[in-house]
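Summary of the model geometry
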Amino acid sequence: MLARLSDTLWRRPGLFILLLLTPPLLWLGIIYVGSLFALLLQSFFSIDEFSGLIRYELTLKTYYELLTPANGDIILRTIIMACAVTAAATLIAFPIALYAARHARGRLKAFFYLGAMMPLWSSYLVKIYAWKLILAKEGIINWVVEGMGLAFVLNAILAFPVIGGNSLSVSYIGTFIVLLYVWIPFMILPLQAALERVPEPLLEASDDLGATAGQTLRHVTIPLALPGMIAGSIFTFSLTMGDYIVPQIIGSSRRFIGQAVYAHQGTAGNIPLAAAFAVVPIVVMAFYLWYARRRGAFDAL
Amino acid sequence: MTVAVAFENTSRHFGAVVAVDRVDLVIEEGSFFAMLGPSGSGKTTCLRLISGFERPSEGLIRIFGEDSNDIPPNRRPVNTVFQDYALFPHLDVDDNVAYGLMVRGVPRGRRKDEAGRMLELVKLGGYGRRKPSELSGGQRQRVALARALINRPRVLLLDEPLGALDLKLREQMQDELKAIQETLGITFIFVTHDQGEALSMADQIAVMNEGRVIQTGSPREIYEHPRTRFVADFVGSSNVFPPEVSVSFGEAEAWSSLRPETVSLAPPGTGRVDGHVVSVRYLGASKRVTIAVRDHLVAAIIAADSPVPDQGGGVSLVWPAGSFHVMDDD
Amino acid sequence: MRSERKASVLLKCAAVAGLLFLHLPILLIFLYAFTTEDTSYVFPPPGLTLDWLAVTWNRPDVWQALGLSLRVASVSTVIAIVLGTLCAAAVSKARFFGRETISLLVILPIALPGIITGISLRSAFNILDIPFSTFTIILGHATFCVVVVYNNAIARFRRLSGSLIEASFDLGATGFQTFRYIVLPNLATALLAGGMLAFALSFDEVIVTTFTAGQQQTLPIWMLEELVRPRQRPVTNVVAMVVVVVTFLPILAAYYLTREASSSRST
């Protein structure tokens, strides 16, 4: 019986692949893609203002609500934050990735690799919690700053409008630091992988042709590592855009998209508006992925 | 003579690409058969058609007379030595070699004995407990050979068997493969792009190009009587002349080939045609002289110690009657 | 040469500073787990004590949350291993139409923010009137865990050169024997590593879970509650430390599993 099945699959290799693919495609296709469609569908429904119940008729009304100044601010604020976090992550991740990929050898390399990988997998909430401890008024940062007699500097920074606040833990600066901390490992690893794949002889050739270390970096290393950088930025950008827990715990009362989604679907019971909000990151990411694919970044994932 | 493997008008397409194009081929039992051709000529696909990893798009493969199109690889009396050896990295040498017996349910004790015997045959006795990663390239190949032979196949397929070995090892393995084939008396079919390997090991050669078999015959036939320009050019490095040049050399008006080693040099005016020396390349036991005759270049391979004029010097070419070989025009 | 040396010292400093930024905050958790202060996050801690370990040990709500998290992570991991392996096998086996689309489909659940996956599932449950249960949590978790198993498995499948499988068939093995004796042993460490990462991912997940759990509490949800509305801070400190340790071990194991396999193969 089994032998007969084995023979049939040999005669029809296409059938075999189809057989392998069916369960995962059913799962991802029905549960995941199906849910995405459910989300899309919900965003075209609306809330009846009097009863507060969902009206199951297709309408663009909910999307118009996104354009109100308050909601527009939320979207803009989120995208700016995602850009800032992505840029900072690239800047900080690059030296770590470059050193790990090109300079560290043997044990040191393993150490660096683990050092970059562990934070990726360590607990999201614990990381946030750690920063709550660090940024608290009575926490380590204030202790250090006061110990060094630099309290006025911190106060000056916090006095800035918009990004400042009463203390670090309720300011945008705090939100930014924690988002950066939480999502930066997703930049380091793809970047490191891309840098590993830059062939050594190319760098030697550039050296040989008289380029300084800085020129080699700018004209050879960075262009070749670009796909990895884009791959990393897909993660940092997307994950920052959708995060609602970090800004909820550390930050000011002004909301981000994720918080809006969570609030509207939860206590407010306005699932259509929550869905419409959630479509925004999808659209932004669709453009981003389309661009990344054209630059060949998928191979670096 | 029994026919071991026969291709009957066999083709294999991959989408729009025709890898094997209406091949008719008969491989006799007990022969050491070479499929020779440049990369992309379809020779490896032919091998995979015999082992069963590809199925003909059209035509038939017969193995010992039986239509094998519907027989999967694991039930063909054929085993393969893969180009990259394909040794199972998680099994030691003994288990690699005994794998074919294990999947047939042969008890452990007999498997071990038989694997030991096979390792002796390939001169690797005592290596059974090593892992493939602990072996050299030449040793890995011997293990692959022992593993393929343990099922006592009637036909052994070898895909570029010597391709990954260095020169010295290659020559040694050529002799050993030949010896093993003679000991076992089974059919060996191997694929190679190296004409020297094909000429020295095989007793029959099929030269392939662009999915077609261009010529089959003994090494001598192939070498001395290439049927087409392609064969003349690919097997050895013949001088190939278009009809008008052949005529000007006093031969028949047809595409013809002339082996460089049949050409010898004489003082100007004393040979068949005159020319001047363009270059001389030293090859060890011999040297290769390129001579310009009017607009045409002719290569000659002569003994290393024979005198040659300096570059640009006049020289006359001599070849025995009948050295020119007339070919098909393709 | 001189500029190279200088650049590499600068680079080393930046790299080390980056690593410190990544690791110091986590280490702080270990300190706070032993602090005697129980109402604020004061630094430095006024004193150290082991009492909170015992207090946490006796909290039934923590044990319940832990139990649910372990159940969800185990089932999700098993599902992810099966689906991820099948998918990797198919994609690595042949170049067929839509191969890239499948890779994209697998990656999407983690490339899109978790909140999208969360609200999507929530919408679907809402439309289909599916009540929240352990099962709804697992549906979400398994979906984004597939990708880690898939990534590990496909890397191994690529190295498991096609000719190994052909060699097995060639020597007379059936498809099932080939799977049992050749594919599985070569895949095992990759699957184990992928499975451990999937487990860690699921064990820690909070964003999707908040949308699919309803009133149930996994350990991360328990922690989130404590972060938003702190009740007993020292207990949270201890739980945070335990979570760090519990996720650290499988990840370290996964790293060594995949590393050994790749180094033994490269020789």
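What to know about the confidence of the model for chain C
Residues and elements named next belong to chain C.
- Per-chain confidence: chain C averages 83 in pLDDT, with 93% of residues scoring 70 or above.
- Per-element mean pLDDT across chain C ranges from 75 in helix H11 (residues 233–266) up to 91 in helix H3 (residues 60–93).
- Scored below 50 in pLDDT, residues 263–267 shows 7 contacts in the model against residues more than four places distant or in partner chains.
- As a predicted assembly, this complex carries a pTM of 0.79 together with an ipTM value of 0.83.

Quick notes on the interface of chain A and chain C
- Contact with chain A, which involves 87 residues of that partner, is made by 87 residues of chain C.
- At the boundary of chain A with chain C, total buried surface from both sides reaches about 8100 Å², with 81% on carbon and sulfur atoms.
- Area buried by chain A at its contact with chain C is led by Tyr32, Trp121 and Tyr129 of chain A, which between them contribute 10% of it.
- In this assembly, chain A and chain C are joined by 0 salt bridges.
- At the boundary of chain A and chain C, one finds 10 residue pairs in polar contact (both at pLDDT 80 or more).
- Sorting elements by how many residues they give to the side of chain A that touches chain C places helix H2 (residues 13–43) of chain A first, with 18 residues.
- Tallied by class, residues from the side of chain A that touches chain C come to 68 nonpolar, 13 polar and 6 charged.

Things to note about the packing of aromatic side chains
- This model, assessed by the stated rule, comprises 27 aromatic pairs over all chains.
- Ring plane angle 15° and centroid distance 4.7 Å describe the contact between Tyr244 of chain A and Tyr262 of chain A, whose orientation is recorded as stacked. A residue pair is termed long-range when its members are at least 10 positions apart, and Tyr244 of chain A in the loop between helix H12 (213–242) and helix H13 (245–249) and Tyr262 of chain A in helix H14 (residues 257–265) qualify at 18 residues.
- In this structure Tyr262 of chain A comes out as partly exposed when scored by relative accessible area, which is 29%.
- An aromatic cluster is present here, built from Tyr124, Trp183, Phe186 and Phe235 of chain A joined pairwise through their rings.
- Arg154 of chain B extends its terminal NZ or CZ atom over the ring of Phe64 of chain B, reaching a point 3.6 Å from the ring centre.

Focus on the pairing of strand S9 (residues 204–209) of chain B
All names here are of chain B.
- Judged by how many residues are buried, S9 sits mostly within the fold: 5 of 6 residues are covered.
- Pairing between S9 and strand S10 (residues 212–217): 5 bridges, direction antiparallel. Residue Ile205 lies in a different strand from S10, and its bridge partner there is Gly217.
- The hairpin turn running from S9 into S10, its antiparallel successor, is 2 residues long, and Glu210 in that turn takes a positive phi close to 50°.

Some details on the environment of Gly67 of chain C
- Among the structural elements, Gly67 of chain C can be located in helix H3.
- As a C-alpha pair, Gly67 of chain C and Leu219 of chain C span 152 residues in sequence and 8.3 Å in three-dimensional space.

Thoughts on the domain arrangement of chain B
Residues and elements named next belong to chain B.
- As assigned here, chain B comprises domain 1 (3–233) and domain 2 (238–326).
- Using only C-alpha atoms to locate each centre, domain 1 and domain 2 end up separated by 39 Å.
- Across the boundary between the two partners, domain 1 contributes 8 residues, which contact 7 residues of domain 2.
- Carbon and sulfur atoms make up 48% of the area that domain 1 and domain 2 hide from each other, which totals about 710 Å².
- Contact with domain 2 buries area across many residues of domain 1, yet Tyr223, Arg229 and Ala232 alone supply 65% of it, more than any other trio.
- Taken together, the connections running from domain 1 to domain 2 amount to 0 salt bridges.
- Run the count over domain 1 and domain 2 and you get 5 residue pairs in polar contact (both at pLDDT 80 or more).
- Looking at the side of domain 1 that touches domain 2, the elements that each hand over two or more residues are helix H7 (219–224) and helix H8 (229–234).

Considering empty space enclosed by the protein
Residues and elements named next belong to chain C.
- For the coordinates displayed, the defined rule picks out 3 cavities of 30 Å³ or more.
- Volume-wise, the largest cavity comes out at about 50 Å³.
- Counting residues per element, the lining of the largest cavity draws most heavily on helix H10 (residues 219–228), which supplies 3 residues.

Observations regarding the nonpolar core
- Ranked by internal contacts, the top residues of the largest apolar core, which has 183 residues, are Tyr124, Leu125, Ile128, Ile245, Val261 and Phe277 of chain A.
- It is helix H4 (residues 69–103) of chain A that contributes the most residues to this core, 15 residues altogether.
- Those residues within four positions of Ile245 of chain A in sequence are excluded, and the remaining contacts are Tyr124, Leu125 and Ile128 of chain A together with Val206, Ile207 and Leu224 of chain C.
- By size, the runner-up hydrophobic cluster in this structure holds 44 residues, among which are Val81, Met118, Val231 and Val235 of chain B.

What to know about helix H3 (residues 108–121) of chain B
Residues and elements named next belong to chain B.
- Taking 1.5 Å of rise per residue, 14 residues should cover 20 Å, and H3 covers 20 Å from first to last C-alpha, within 8% of that figure.
- Arg111, Glu114, Ala115, Met118 and Leu119 are the residues of H3 that are buried. Along the axis of H3, the buried positions cluster into a sector of 140°, meaning they face one direction only. Of the exposed residues in H3, those oriented more than 90 degrees away from the buried face are Arg110, Arg117 and Glu120.
- Of the surrounding elements, those touching the buried residues of H3 are helix H2 (93–102) and helix H4 (137–149).
- Of the residues flanking the end of H3, it is Lys123, one or two places downstream, whose phi is positive at about 60°.

A look at the layout of surface pockets
- In this structure, the second largest pocket spans a volume of roughly 1400 Å³.
- Lining the second largest pocket are 39 residues, and of these Phe16 and Leu20 of chain A together with Lys93, Ile165 and Phe169 of chain C sit closest to its centre.
- Secondary-structure elements contributing two or more residues to the lining of the second largest pocket are helix H1 (2–11) and H2 of chain A together with H3, helix H6 (134–159), helix H7 (162–170) and helix H8 (175–204) of chain C.
- In terms of residue count, the dominant contributor to the lining of the second largest pocket is H8 of chain C (6 residues).

Things to note about the packing of H4 of chain A against helix H15 (residues 271–294) of chain A
All names here are of chain A.
- Following both chains from N to C, one finds H4 and H15 inclined at 35°, their axes separated by 12 Å at the closest point. Both H4 and H15 take part in a crossing whose hand is right-handed. Each of Asn71, Ile74, Ile75 and Ile79 in H4 lies in contact with H15, whose residues at this interface are Phe277, Val280 and Val284.
- Grouping the constituent residues of the contact of H4 with H15 by class yields 6 nonpolar, 1 polar and no charged.

Basis of the calculations
- Residues numbered from 1 in each chain as written.
- Chains lettered and ligands numbered in written order.
- Predicted model: local features only at pLDDT ≥ 70, side-chain atom pairs only at ≥ 80, totals over all residues.
- Heavy atoms only, no water.
- pLDDT = per-residue confidence, 0-100.
- Helix = DSSP H or I, 4+ residues; strand = E, 2+ residues; numbered from the N terminus.
- Contact = heavy atoms within 4.5 Å.
- Buried area = accessible area lost by both parts, 1.4 Å probe.
- Salt bridge = Lys/Arg side-chain N within 4 Å of Asp/Glu carboxyl O.
- Polar contact = N/O pair within 3.5 Å; in protein donor to acceptor, adjacent residues only side chain to side chain.
- Nonpolar A, V, L, I, M, F, W, Y, C, P; charged D, E, K, R; others polar.
- Phe/Tyr/Trp six-rings, centres within 6.5 Å; stacked < 30°, edge-to-face > 60°.
- Buried < 20%, exposed > 50% of the residue type's maximum accessible area, 1.4 Å probe, protein only.
- Lys NZ or Arg CZ within 6 Å of the ring centre and 35° of its normal.
- Pairing = 2+ DSSP bridges.
- Domains from an automatic or database assignment.
- 1 Å grid on protein atoms, 1.4 Å probe; cavity = no way out; pocket = protein on both sides within 12 Å on 5 of 7 lines; lining within 4 Å.
- Points joined across faces, edges and corners; volume = space filled by probe spheres on them.
- Core = buried A, V, L, I, M, F, W, Y, C linked by side-chain atoms within 4.5 Å.
- Expected span 1.5 Å × (residues − 1).
- Arc of directions from axis to C-beta.
- Axes fitted to C-alpha atoms, helices over the stretch in contact; angles between N-to-C directions.
- Left-handed = near helix turned anticlockwise from the far one by under 90°.

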